[in-house]
Amino acid sequence: MLFAIAFAAERLLFPDILPIVFANEAQPSRAALTALALRAIELTAAWIAIMSLSIMTGAWVKDRLRRSRRAPSGSSPASPAD
C-alpha cells in the first residue's frame, strides 16, 4: 500500500520531474529531491513486498510438503472415518 501511495504521489505532484537531475535540464531542486525521496520509498516498499512474498511462498510450500508426508497415501486428512 505504501508503494501505491508513493507512486501516485510522485506521478500526481511531480509528473515532469525525473529523480535523476541532469545538468543540462533546469529543474527546481525541491521538486527533484522530493521526486528522488518518493522514488526511494517506492523501491524500498517494492523490495519489502518481494521479500515478503518470497518468504510466504517458501513457508507455504514447506507446509504443503510437510502435510503431504504426514498424510497416508490414498486418504485425505479432511475425510471422515467410516
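Residues numbered from 1 in each chain as written. Predicted model: local features only at pLDDT ≥ 70, side-chain atom pairs only at ≥ 80, totals over all residues. Heavy atoms only, no water.

1. Digging into the pattern of salt bridges
If charged atoms from side chains of opposite charge come close, those side chains can pair. Counted by the stated rule, this structure contains two salt bridges. Salt-bridge contacts for aspartate 63 lead to arginine 67; the nearest nitrogen and oxygen are separated by 3.2 Å. Linking aspartate 63 with arginine 67, this pair stays in helix α2 (residues 29-70), spanning four residues, or about one helical turn. The partly exposed category is assigned to aspartate 63, whose relative accessible area is 26%. (Salt bridge = Lys/Arg side-chain N within 4 Å of Asp/Glu carboxyl O. Helix = DSSP H or I, 4+ residues; strand = E, 2+ residues; numbered from the N terminus. Buried < 20%, exposed > 50% of the residue type's maximum accessible area, 1.4 Å probe, protein only.)

2. Digging into a positive patch on the surface
Where like charges cluster on the molecular surface, the positive patch consists of Lys62, Arg66, Arg69 and Arg70. Within the element layout of this structure, lysine 62 appears in helix α2. With a relative accessible area of 53%, lysine 62 lands in the exposed category. (Patch = residues over 30% accessible without salt bridge, like charges linked within 9 Å, V, L, I, M, F, W, Y side chains within 5 Å. Areas by Shrake-Rupley, 256 points an atom, 1.4 Å probe, with all protein chains shown as cover. Lys, Arg positive; Asp, Glu negative; His and termini not counted. Charge placed at Lys NZ, Arg CZ, Asp CG, Glu CD.)

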